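Structural overview for review
Each chain is listed here by its residues.
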Amino acid sequence: LQLLDLASREIQPVGQVGAPRQADLRRGISTAHYAVFHALCGAMAAAFSHGDTRVGQMLHRAIDHRPARDKFEQVARRPAADPDLRRFANAFVQLQQLRHDADYDPGYRASRQEAVNAVQVARAAVSALDGADPSQRFVLLAELLARPRR
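Quick summary incoming for the structure in this document. (Residues numbered from 1 in each chain as written. Predicted model: local features only at pLDDT ≥ 70, side-chain atom pairs only at ≥ 80, totals over all residues. Heavy atoms only, no water.)

**A word on the packing of aromatic side chains**
Under the definition given, this model contains six aromatic pairs. Among the aromatic residues, those joined into a cluster by ring pairs are Tyr34, Phe37, Phe72, Phe88 and Phe92. (Phe/Tyr/Trp six-rings, centres within 6.5 Å; stacked < 30°, edge-to-face > 60°.)

Rendered as structure tokens:
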């Protein structure tokens, strides 16, 4: 949740008057995505590390952005998936695209409202992941770790 608080501060830094700078809005959007990504990594570590710090650190590095997005695109379309997992999946995909725009598209212009919405979506996503059916969340995390055979 610290990253979500940071994202909010980046959007409207304390003491700043007037419209937020583009760099702040873009950084806030990117941080909102990373808050969701790190919540996912934390869930992964909690599910599989059994309290072993070294294993937890390895699990934090186990998730690749693109395969995660691909998996969440699938989850968002699964009618039988837990509604909270579908909400998380949709938010992950949405925020990752926004982060790509904010970080890599020099012509991208973020509005303050878009940045505020990104933080709200991220907060809801973290809550949805926490509130998801534990058994479905566990299976999803295992799917993220498993590499499909070719």
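**Details of the pattern of salt bridges**
Inspection of the entire model under this criterion finds nine salt bridges. We note a salt bridge from arginine 69 to aspartate 70, for which the minimum N-O separation is 3.0 Å. Residue class for arginine 69 comes out partly exposed when judged on its relative accessible area of 21%. In this structure aspartate 70 comes out as partly exposed when scored by relative accessible area, which is 32%. Linking aspartate 103 and arginine 99 is a salt bridge whose minimum nitrogen-to-oxygen distance equals 3.2 Å. Of this pair, aspartate 103 and arginine 99 both sit in helix H5 (residues 83-104), four residues apart, which is roughly one turn of that helix. With relative accessibility at 30%, the residue aspartate 103 sits in the partly exposed group. (Salt bridge = Lys/Arg side-chain N within 4 Å of Asp/Glu carboxyl O. Buried < 20%, exposed > 50% of the residue type's maximum accessible area, 1.4 Å probe, protein only. Helix = DSSP H or I, 4+ residues; strand = E, 2+ residues; numbered from the N terminus.)

**Some remarks on the environment of glutamine 136**
Its place among the elements puts glutamine 136 in helix H7 (residues 134-145). With 54 residues separating them in the primary sequence, glutamine 136 and aspartate 82 have C-alpha atoms 7.0 Å apart. Excluding its chain neighbours within four sequence positions, the residues that come into contact with glutamine 136 are Ala80, Ala81, Asp82 and Leu85. (Contact = heavy atoms within 4.5 Å.)

**As for the packing of helix H2 (residues 22-48) against helix H6 (residues 112-131)**
Following both chains from N to C, one finds H2 and H6 inclined at 5°, their axes separated by 8 Å at the closest point. With respect to their mutual orientation, H2 and H6 come out roughly parallel. Contacts between H2 and H6 involve Leu25, Ile29, Ala32, Ala35, Val36, Ala39, Leu40 and Ala43 on the former and, on the latter, Arg112, Ala115, Ala118, Val119, Ala122, Ala125, Val126 and Leu129. Its residues placed into classes, the contact of H2 with H6 shows 15 nonpolar, no polar and one charged. (Axes fitted to C-alpha atoms, helices over the stretch in contact; angles between N-to-C directions. Parallel < 35°, antiparallel > 145°, perpendicular 65-115°, else oblique. Nonpolar A, V, L, I, M, F, W, Y, C, P; charged D, E, K, R; others polar.)

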